[in-house]
Every structure is written in structure tokens, then in C-alpha cells.
Amino acid sequence: MKQITKKKLYLLFLNIFFTCICLISLVPILYVFLLSVSSGGGALITGSSGSLTLENYRKIIVEEPFLRWLFNSIILSVGTMLLAMITSVGASYAFSRFHFRGKNNAMQLLLLLNAFPQILSMFAIFRLFRLMNLLDSHAGLIFVYAGSMCIFGIWNMKGYFDSIPIEIEEAAKIDGSSNLQLIGKIIMPLARPAIIVTSVMVLIFVWNEYLFATTFMLREESYTLAGGLYQLQANDYSRSWPLFSAAAILVSVPILIIFFCIQKHMVSGLTAGGVKG
């Protein structure tokens, strides 16, 4: 009885501790939100900052090209996610199920290529884009992002495919399933958590990417949300922290909605792939 009571007290203390951590982590977000609805112009909220207002949200949507930046981010994020997932799902399944010469070396080479900082390849990609007339275009950035995130997708989903028992596939083949039926009706539904989580992580990466987006997009109308947020603060004379905070809140909302929609897949999608590495 004492042991059960100690365990309950321990769990209660643990829950209170993590709840306090979560509340503390929400303080900066609450501060940014209060700043975004402030009528003042500074970064500090005081009693003389004025009344609460939604004027900053109206300005960022109506007076700034925020919707254009949003459209550019959606095009790049969705395009990269589709291209990266189409290639990485098939490749990760092949690396998981098929045995061929040089498979381990190929996996290690992909990991090595992904280990180098992106800035090392930026100048070479810039010259290549200029020769191919891909500067200031969505297609060029999608190819660059997809090439980088495809490697991440292969490594992330291969472990999940390894955790699916091979006996399931063998039983399906005995029942007369073709390779396409096996992948489409059995493997893909079983790997849905890993595919969803990997897709969202690719989406978030492109959504927040700044360096390539501002280097290869030459016009303000071509900027993504990350580049647009920097543009809002680039001019010292027109800098407005409440306006910037309102834009930051609006940028975060789509990602929060996506996260809450797929949170039930997060645990299984991130951990099940670690059963067999």
C-alpha cells in the first residue's frame, strides 16, 4: 500500500513539474501575442503602451505583401514535400527490403552528404541556377529542398519499414497480391504514421528555411514568410516590433494547426522507426 502511495505521489510531482515547464515555455509566446495586439511601437509592454488592438494584424495583411509571402511558402513547402516523399518512400522501402551490393555504403554516403552545411553548396547552386535560368523561381528551390530532405526521409522511414514484419508481406504474396497491391494496400497503411510525420517535418523545414529562400529569390514579391519577416525588420527607421510580432504569430498558426491535426501520429511515427536501425 505504501509503495502504491509513493508511486502516485511521484507521478503527481512529475506531472506538476512538467506542467510548470510547459507554462514557463509559454511565457515568451504570450509576450509576443500581447506585443502584437499592443498599440505601442516598442518591444517593451508597459502600462503606457496603449489599449489592445488588432490594427497590427490588419496592417500586416493589407499594407504588406504578407499574403504573397504566404502563397510562396505554401508553394515551396507543398511542392518540396510531394517531391521528397514520392522519392524517399520508394527508396527507403527498397533499402529496407532488398539486398544488393553496396547498400550500406550508399546509405552511409547519403548520410555523409547530408552532414555538410548547406552554405558550402550555396555558391555552386547559385551559379548553376544562373546558367539554367532558375534564379527567382519556385522550381529551382523545390529541387534543392527536395534533394536535401529526401535523404532525411530515406533515413527516417527506413527504420520504420524495418520494424514491419516481413511475414506480413510473405503472407500477402501467398494470397496472390502483386507488388503494387502489397505496397498500396498493406505497406503504405502500416507506414502511415512515419509517412505523415516525415512529411510534416519536411514541410516545417521548408516553411522556416531562410538562407536559400533569400539568396535565390531576388525580388521582395518572391520572398517566403521567413524572408518577409526579415524584410520587415531590415529598415531601422520603419521597424515596428508589434507589427513584426503580429506577422510572427500569423506565420506560426498554420504549423500549429497541422501539428494538432497529426499529433496522434507523432509518437509512433518518431519512435517506431528506432526498433530496427
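Here the structure is shown first, and the text comes after it.
Numbering of residues starts from 1 in every chain and runs along the sequence as written. Reporting of local features is limited, given that this is a predicted model, to residues whose pLDDT is at least 70; pairs of side-chain atoms are given and counted only at 80 or more, and all residues count toward the totals for whole chains, interfaces and linings. Only hydrogens and water are set aside; all other atoms, that is, all heavy atoms of the structure, feed into the side-chain values.

Visitor: Even after reading the chapter, I still don't get the nonpolar core, so can you show me in this structure?
Guide: Looking at soluble globular proteins, one finds that nonpolar side chains tend to be buried together. Nonpolar core, defined: a set of buried Ala, Val, Leu, Ile, Met, Phe, Trp, Tyr and Cys residues in which side-chain atoms within 4.5 Å join the residues together. Between buried and exposed lies partly exposed: a residue is buried under 20% and exposed over 50% of the maximum accessible area for its type, with that area taken using a 1.4 Å probe on protein chains only. Ranked by size, the top nonpolar core spans 27 residues in total, and within it Phe129, Leu141, Tyr145, Phe212 and Phe216 carry the most contacts. Every residue pair with non-hydrogen atoms within 4.5 Å of one another is taken to be in contact. Look past the residues within four positions of Phe216 in its chain and what remains in contact with it is Met122, Ile125, Phe126, Phe129, Leu135, Asp136 and Leu141. Counting residues in hydrophobic clusters, the runner-up holds 19 residues, among them Met81, Tyr93, Met157 and Ala172.

Visitor: What is the right way to read the packing of helix 8 (residues 166-174) against helix 9 (residues 179-190) from this model?
Guide: A pair of packed helices is captured by two measures, namely the crossing angle of their axes and the spacing between those axes. Here the axes come from fitting lines to C-alpha atoms, over the contacting stretch only for helices, and the angles between their N-to-C directions go from 0 to 180 degrees. Secondary structure follows DSSP: runs of H or I at least 4 residues long count as helices, runs of E at least 2 residues long count as strands, and numbering of each begins at the N terminus. Axis separation between helix 8 and helix 9 bottoms out at 10 Å; the angle between their running directions is 145 degrees. Helix-helix and strand crossings are classified by hand; for helix 8 and helix 9 the assignment is right-handed. Together, Ile168, Glu169, Ala172 and Lys173 of helix 8 and Asn179, Leu182, Ile186, Ile187 and Leu190 of helix 9 make up the contact between the two elements. Residues were grouped as follows: Ala, Val, Leu, Ile, Met, Phe, Trp, Tyr, Cys and Pro as nonpolar; Asp, Glu, Lys and Arg as charged; and all remaining residues, including Gly, as polar. Taken together, the residues of the contact of helix 8 with helix 9 break down into six nonpolar, one polar and two charged. Helix crossings fall into two classes, left-handed where the near helix is turned counterclockwise from the far one by less than a right angle and right-handed where it is turned clockwise.

Visitor: Can you walk me through the packing of aromatic side chains in this structure?
Guide: Any two aromatic rings considered together are summarised by their centre-to-centre distance and by the angle between their planes. Under the pairing criterion, centres of Phe, Tyr and Trp rings, with the six-membered ring standing for Trp, must be within 6.5 Å; the plane angle then separates stacked pairs below 30 degrees from edge-to-face pairs above 60, leaving the rest tilted. Scanning the entire structure with this criterion turns up 11 aromatic pairs. For the ring pair Phe129 and Phe216, a centre distance of 5.1 Å and an interplane angle of 55 degrees mean the geometry is tilted. You can see Phe129 sitting in helix 6 (residues 119-132) and its partner Phe216 sitting in helix 11 (residues 211-216), a full 87 residues away along the chain. Note on Phe216: relative accessible area 1%, which makes it buried. Summarising the aromatic geometry, the rings of Trp241 and Phe244 are spaced 5.7 Å apart at their centres and angled 85 degrees between planes, so their arrangement reads as edge-to-face. In this pair, Trp241 and Phe244 both sit in helix 13 (residues 241-271), three residues apart, roughly one turn of the helix. Take Trp241: its relative accessible area is 34%, and that puts it in the partly exposed class. One aromatic cluster in this structure is built from Phe126, Phe129, Phe212 and Phe216.

Visitor: It is not clear to me how a nonpolar patch on the surface should be interpreted in this structure. Could you clarify?
Guide: Taken together, the side chains of Leu109, Leu112, Leu113, Phe116, Ile119, Leu120, Phe123, Tyr210, Leu211 and Tyr230 make up a nonpolar region of the molecular surface, amounting to roughly 1,000 Å² of accessible area. Structurally, Leu109 is set in helix 5 (residues 103-115). Patch members must show over 30% relative accessible area and no salt bridge, and they are joined within 9 Å when carrying like charges or within 5 Å when they are nonpolar side chains of Val, Leu, Ile, Met, Phe, Trp or Tyr. We get accessible surface area from the Shrake-Rupley algorithm with a probe of 1.4 Å; when it comes to residues, only the shown protein chains can shield them. Basic side-chain nitrogens of Lys or Arg form a salt bridge, by our definition, when they fall within 4 Å of a carboxyl oxygen of Asp or Glu.

Visitor: Teacher, can you tell me more about unusual backbone geometry here?
Guide: Comment: phi is negative for the bulk of residues other than glycine, and the bulk of peptide bonds are trans. The backbone of Asn133 shows a phi angle near 60 degrees, a positive value even though the residue is not glycine. Among the structural elements, Asn133 can be located in the loop between helix 6 and helix 7 (138-163). Of the residues examined, Asn133 reaches a relative accessible area of 67% and is grouped as exposed. Positive phi, close to 60 degrees, is recorded for Asp136, a residue that is not glycine. Tracing the backbone through its elements, the reader meets Asp136 in the loop between helix 6 and helix 7.

Visitor: So what exactly am I meant to see when it comes to the pattern of salt bridges here?
Guide: Once the charged atoms of two side chains with opposite charge are near each other, the side chains can pair. Applying the stated criterion across every chain yields a total of six salt bridges. Here Glu221 and Arg219 are joined by a salt bridge, their closest N and O atoms 3.9 Å apart. Classification of Glu221 by relative accessible area gives partly exposed; the value is 43%. Salt bridges linked by common partners bring Glu55, Arg58 and Glu63 together as one network.

By themselves, these observations are geometric and do not establish any function.
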